[in-house]
Amino acid sequence: MSDKIKQTARKYALQNAIQFNGKANPKAVIGKVIAVLRKDGFEPKEIIPIVNQVIADVNKLGIDKQTKELEKTAPELLIKEKKERDFSLPDLPDAEKGKVVTRFPPEPNGFLHIGHAKASIVDQEYARMYDGKFILRFDDTNPENADIKFYEAQKKDLEWLGISWDEEYNTSDNLEKHYKLAEQLIKQGDAYVCQCGPDFIKECRFDGKECDHRDCHSGENLDLWRDLVNGGLDRGILRLKGDMTCDNTAMRDPTLFRIIKKNHPIQGDKYHIWPTYDFAGAIEDSLSGVTHPFRTKEYELRDECYYRLIDLLGLRRPHLMEFARLNIEGMPVSKRKIKPLIDNGVVSGYDDIRLPTLRGLRKRGILPEAIKQFVLSQGISKVESTATFSLVEAANRKILDPIAKRFFFVPNPVKLVVKNAPEMKKEISFHPQNKEMGSRLVEAGNEFYISKPDVDNLKKDEVFRLKDLYNVKVLNKNSEVVGEFAGEGLIAKSAKIQWTSTSFVEMTVNIPHTLFKDNLYNLDSLEKVKGYAEKAISNIEKEEIVQFERFGFVRLEKTKDKINAYMAHK
Ligand SMILES: [Zn+2]
């Protein structure tokens, strides 16, 4: 008998593991196995320990072995899975197993958003795909944009997302190396110190004109550079000797180093000459062994500068990879748009549930797995496109549906009095299919609350059902509804209505809507719905995502004296 359980469990554990990066989720697998075996008379209590053991075994295999096994034993599950979510990233060019190195290089200047999620997920996935290495690098060479609190905050965001890295460092720790390479460029005559004013530099770039500094002797440039680094000169930038008439304006002698006199959160006042992204990014990718650095398409014009620098310095050439930025309709990620809303108190902070920050998404009950599935389903095309958030919601719903406890929530409650009501105590399961998730005991007297929209739909003499309890015939409807007990047997096609008894938990659910409409802030982007949740809700974990039946998936957060509720989606 237990062989049948084992066999079934193994199939679904493999399927689930393949879906979730090699680690099967016990709750989801148990639910599925119980559902499949129920008709054969198996009991949850004999199924669960076997499933748990099978999952432990399966999770040790790794995704490649898991896929191979499922291909052999139950290919139909695999094919279905692949059709539903074509997650596989395309092969990398010039990639060799064991030798691929990727990196995620955030600037520690804010909380991470869904765009960062895409980059870090793609970087990590490729490193895993090729048994390679994944580096987290803080690109912190602009002290004006580096804030100590964001190094840790960003790592927390990544950890929540399920990202793990093999190596971690700060670009600002390598400044001496950068200075050395800068000297090499100067000595070769490939870079020069320019002391022109910013407006003049701009004008020259626009007109394709060279300035006088460009022709200085390299020895003279070296002296100027050293003066800059030592603080003896407080005006000047180091520029690459590119081509001032190049069609690609990014090559018109781009800035490699500039003076920024602000204390750095890690280096303090040790340096005041800082490399630009053009310089630091290229050098770091090459020196740290990155083979396939990804960046978004808006950097495309800067690729030429990237490779020019690397070639001039005789460094190893990584294979630059590009993908389109991730855009979500009505949810801009740019600080320029979000910061004013926060500064003006229009949204509550970077974890506001309407924002596409990882903290905002987490708060409203979006799971990291859903973000990952969404990101990978979008692929790494270079074609700019705008996705709708409903895709994230769909992925999230699919994960939550088999594992979220169901509760009754009555928005806009109206009192219902039932005549001849039997006193009842009833065990109601937390999940219609997955009985293993347990149940709660509900006590019913003769007074209830049901929601205003449901009441509006009821007609006099209609018989409806208080869900999971009994039937009620409507006698009259005024400011409250009066009905009478109409038996316990199920009646086909009668409305099933969520309810609470007179013992309930008052609650306000925060519902996020699109933040921007037609590029303007949507005044109705946050909806607050007041209602009563059944009493059992007070026994949830400190943080839990549940489904309020016929209402939506809601993340609950217990505080000392109340429960905060945020809606993920319907
Ligand atoms: Zn100049």
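Report follows, based on the coordinates. (Residues numbered from 1 in each chain as written. Predicted model: local features only at pLDDT ≥ 70, side-chain atom pairs only at ≥ 80, totals over all residues. Heavy atoms only, no water.)

1. Remarks on the coordination of the zinc ion
Condition: A donor here means an N, O or S atom no more than 2.8 Å from the metal, or no more than 3.2 Å when the metal is Na, K or Ca. Since water is not included, a site may seem to lack partners. Geometry is assigned from donor-metal-donor angles: four donors are tetrahedral when every angle falls between 85 and 135 degrees, four are square planar and six octahedral when opposite donors sit over 155 degrees apart with all other angles between 65 and 115, and any other arrangement is irregular.
Only Cys194 (SG), Cys196 (SG), Cys211 (SG) and His213 (ND1) from the protein reach the zinc ion as donors, at distances of 2.2 to 2.4 Å. Around the zinc ion, the four donor atoms are arranged such that angles at the metal cover 98 to 119 degrees; this shape is classified as tetrahedral.

2. Things to note about the packing of aromatic side chains
How two aromatic rings sit relative to each other is set out by the distance from centre to centre and by the angle between their planes. In plain terms, the rule: Two aromatic rings, drawn from Phe, Tyr or Trp (for Trp, its six-membered ring), form a pair once their centres lie within 6.5 Å of each other, and the interplanar angle then sorts them: stacked below 30 degrees, edge-to-face above 60, tilted otherwise. Counting from the N terminus, the helices are the DSSP runs of H or I reaching at least four residues and the strands are the DSSP runs of E reaching at least two. We call a residue buried when its accessible area falls under 20% of the maximum for its residue type, exposed when it is over 50%, and partly exposed in between, using a 1.4 Å probe and counting protein chains only.
Counted according to the given criterion, the structure contains 24 aromatic pairs. Between Tyr179 and Tyr271, the ring centres sit 5.8 Å apart and the planes meet at 80 degrees, which makes this aromatic pair edge-to-face. Of the two residues, Tyr179 sits in helix H8 (residues 175–187) while Tyr271 sits in the loop between strand S6 (255–259) and strand S7 (273–275), which places them 92 residues apart along the sequence. With a relative accessible area of 8%, Tyr179 lands in the buried category. An aromatic cluster is present here, built from Tyr179, Trp225, Phe257, Tyr271, Trp274 and Phe279 joined pairwise through their rings.

3. Describing the environment of Thr249
Locating Thr249 in the fold gives a position in the loop between strand S5 (237–240) and S6. Linking Thr249 and Phe206, residues 43 residues apart in sequence, is a C-alpha distance of 8.1 Å.

4. Observations concerning the sheet that holds strand S27 (residues 552–558)
Where strands meet in a sheet, backbone hydrogen bonds hold them as pairs that are either parallel or antiparallel. As a reminder of what qualifies: Two strands pair under a simple rule: DSSP has to find at least two bridges between them. The contact criterion used throughout is that any non-hydrogen atoms of two residues lie within 4.5 Å. To get an axis, fit a line to the C-alpha atoms, keeping to the stretch in contact for a helix; angles then go from 0 to 180 degrees between the N-to-C directions.
With mixed pairing, seven strands are arranged side by side in an open sheet as S12-S26-S27-S28-S22-S25-S13. Two strands bound the open sheet, and with one partner strand each, they are strand S12 (406–407) and strand S13 (409–411). Sheet topology places S27 next to strand S28 (residues 563–569); six bridges connect them, and they run antiparallel. In the strand pairing of S28, Lys558 is matched with Ile563. In the packing of helix H16 (residues 390–400) onto the sheet, contacts are made with strand S26 (543–548), S27 and S28, and the angle to S28 comes to roughly 115 degrees.

5. Quick word on unusual backbone geometry
Of note, Asp131 is a non-glycine position whose phi angle comes to about 50 degrees, a positive value. Inspection of the secondary structure puts Asp131 in the loop between helix H6 (114–129) and strand S2 (133–138). Residue Lys493 is not a glycine yet carries a positive backbone phi of 65 degrees. On the secondary structure map, Lys493 appears in the loop between strand S20 (481–485) and strand S21 (496–497).

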